[in-house]
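The primary structure of each chain is shown beneath.
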Amino acid sequence: MKIAPAPGEIRDVRAEPNLATECDFCVVGSGAGGSMAAAVLAQAGARVVVVEEGGHYTRKDFNMQEAWAYPALYQEKGNRATEDLAITVLQGRAVGGGTTVNWTSSFRTPDRTFALWASRHGVVGLDSATLAPHFAAVEERLSIREGNPDDVNANNRKLLEGARKLGWQPELIRRSVKGCARLGYCGMGCPIDAKQSAAITYLPDALAAGAVVFTNARAKLVESDRGRATGVVCEVKDAPGAAPMAAAPAARRFVVYARRGVVLAGGAINTPALLQRSKIGSRSVVGRRTFLHPTVPLLALYDEPIEGFYGAPQSVACHHFADRGDRVGYFLETAPLHPMLSAVAFPGFGEGHQRMMARLAHAQATIALLIDGHHDDEGGRVTADIDGRIRLSYPLAPVLREAAADAIKNMARLQLAAGAREVMTLHEDAVVIRSEADLAKLDGVVFGPNRHALFSAHQMGGCRMGEDPKRAVVNSRGRHHEIQNLWVVDGSVFPTALGVNPQLSIYAHARLFAQAIAAAG
Amino acid sequence: MKYAAVVERRTGSGRIRTTAPYTPSQSRALSPARLRQLSRRSLLKKGFAGGAILLLGGSLATFLRGGGRGRNPRQPLRLLTAKEYGIFAAVAARVCPRQPEAVGWPSPDNLDCAGKVDQLLAELHPQVGTEFRRLLHVFENGLNGLFSVGQPGTFTAASPEDQDRRLEAWRHSRVALFRSGYQAMKRLAVATYYSSPETYALVSYPGPPGVPLVKAP
């Protein structure tokens, strides 16, 4: 049974089983890339259907409770990780995608990253000047303004003060907010819609132009015929409390027939997995070079309360170590310290773990995000099983371990400079630093799987762009090398990690790519 | 039959050697060569650890004594069996603040951490649930106790001190798979515990602030 939804609708497919629908373009995913593509294409007059595997939640649902937010708003109910569990992967899954749960940090793609893509990865015609109007348009739509010193909470102030004392030139982060109350819960959905997520900006733009969004529809296969994409087959996610869909022998299907093309924006990890399931492209390229900005946290304890669970989660960054020449660079930011996320990261168990948790209000977390893919590291690999399971392997290359070791030493210096009583690595054998003299203790620290906490909140790559079909999945405008009416417009196209928080780059690239799609007719 | 702890050490070439004696039947199942052949995940995926240890353990009733009993689910289980529920609850009881020492802190049983984990895992991919259940059986098994800390008997039947030693053994194991297994259990235990509002005040977290009644402009 085919349905013809009214333009501008957000529909939950669970209420209407066994459906199919038609459109010009089917967009998979409603995050930064998908919502942007949907808006541009719909405004160009195309009939657009967006399929989103997550649910549709609004500010009234965002109760700021970790027990609700992570299962509801994150991939694998907050349990996504590399397959050895060494890196916890925080990735959004809801209408708005990652922008519903990100921490609002907004940076343009660095020039050195564009230059690297051009020189080593065969990317053509992408640079700061080309993207400038797209960055500007997104910044205007998302109310991204100069960094606001009033946004700086105690957690971020320690990073600001420590970096200033050491001459490391910290900067205020530009944030995608309007009327922010600095509650501190960006990662659990903004309860007052101050965060300008895709769900309240570009997706409404798309809806206003006639697009339709189907939620709880997980894209399983891209259908193609004689070199052309013809549609997307989705599985209908079961209602809460029901048996998981993959356990059901005949999961309900929802089919979107796309006359003009298919646009993929499921995010790094899910987009390469979808292509693999669809047997589009070679596995020697699709899913390879997945990058995570592997994130090393360092904990500092202060005499005064920090209350890292309140206030804008990220308002200060330090890129002093982003370019270390032939060694892997990294940049410093902070992470909010809510109880559940902290408990998962803190080492040990039992009494020792409890003692650390009891000091939570006095804890400050500085994080180092390793800029992977710029050197000899090949990143990780995504593989999709036919039964729907996605696996991510990510061996921490020696060059990244060196960067992690360097980063914790410099973060410790910074935290001591900011007045920390005690600095602690989040290794299972935690190293405690109380003075500069103790820094030598960090010389022998080992980085290996599950010997310390590692996170990723930035997933990139897996469908890298470039002009060489043997090395790249899509060209420099996101068009698939084999299937001419299939495009990828999410962070999976980046040939390396960006070196900055990715949301603004994804929006801007998606805008450029979507305009090219619309122009191609 | 003589049993002794299998001590693993990494040689200069990165190979794992066992230095303590073990029985012929164990040598077939847990030989260094066999261990080297298995990737970290295939160990669980292929059920080697679970299958081989359970097979051996199954012939030795002493290693299966206890069996995770003693804690009853509060609500119908969706994924775990009652035994598996009991194993995880026993793990959580050592990982989370411990009773009766942690005065004023709720126990993970009070917060039904095992029940919450059952509900969560039931909605993930079925293979994830299968692997986690297998992990619980391996951790519970008497041979794991024997190999990891030199004490036979199941985890749930062990003394609290012995239970801690088993957790420590996996936490610091040279075998990456065991470290992964420890992290899986620990993270689920503390995540369900500390996301419970009953624990907020104990970590000086006042909870979510009041939200302005009006939408941001």
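Heads up: these notes are all about the structure in this document. (Residues numbered from 1 in each chain as written. Chains lettered and ligands numbered in written order. Predicted model: local features only at pLDDT ≥ 70, side-chain atom pairs only at ≥ 80, totals over all residues. Heavy atoms only, no water.)

In terms of helices and strands, chain B carries 10 helices and 2 strands. Order of helices (α) and strands (β) in chain B, N terminus to C terminus: β-β-α-α-α-α-α-α-α-α-α-α. For chain B, buried positions account for 54% of its 217 residues. By element, 55% of the accessible surface of chain B is carried by carbon and sulfur atoms, the whole surface being about 9,600 Å². (Helix = DSSP H or I, 4+ residues; strand = E, 2+ residues; numbered from the N terminus. Buried < 20%, exposed > 50% of the residue type's maximum accessible area, 1.4 Å probe, protein only. Areas by Shrake-Rupley, 256 points an atom, 1.4 Å probe, with all protein chains shown as cover.)

With 57 residues of chain A at the interface, the matching set in chain B holds 55 residues. Across the chain A to chain B interface the summed buried area is about 4,700 Å²; carbon plus sulfur atoms make up 57%. Put simply, chain A and chain B have 3 salt bridges between them. Taking the shortest distance from any N to any O, the salt bridge between R171 of chain B and E428 of chain A comes out at 2.5 Å. (Contact = heavy atoms within 4.5 Å. Buried area = accessible area lost by both parts, 1.4 Å probe. Salt bridge = Lys/Arg side-chain N within 4 Å of Asp/Glu carboxyl O.)

Another aspect to go through is the pattern of salt bridges. Residues and elements named next belong to chain B. Inspection of the entire model under this criterion finds 38 salt bridges over all chains. Here D164 makes a salt bridge to R94, at a shortest N to O gap of 2.9 Å. Taken together, the positions of D164 in helix 9 (residues 160–171) and R94 in helix 5 (residues 82–95) put the pair 70 residues apart, joining distant regions of the chain. Take D164 and R94: they sit in the same class, and that class is buried. For R166, the salt bridge goes to D162, with nearest N and O atoms at 3.0 Å. Here D162 and R166 lie together in helix 9, a separation of 4 residues that amounts to about one turn.

Our next topic: the packing of helix 5 of chain B against helix 9 of chain B. Residues and elements named next belong to chain B. Remark: helix 5 packs on helix 9, axes separated minimally by 10 Å, with the N-to-C direction vectors making an angle of 90°. Classified by the interaxial angle, the pair formed by helix 5 and helix 9 is roughly perpendicular. Counting all contacts with helix 5, which are made through A90, V91, R94 and V95, the residues of helix 9 involved are P160, Q163, D164 and L167. Of the residues assigned to the contact of helix 5 with helix 9, the class counts are 5 nonpolar, 1 polar and 2 charged. (Axes fitted to C-alpha atoms, helices over the stretch in contact; angles between N-to-C directions. Parallel < 35°, antiparallel > 145°, perpendicular 65-115°, else oblique. Nonpolar A, V, L, I, M, F, W, Y, C, P; charged D, E, K, R; others polar.)

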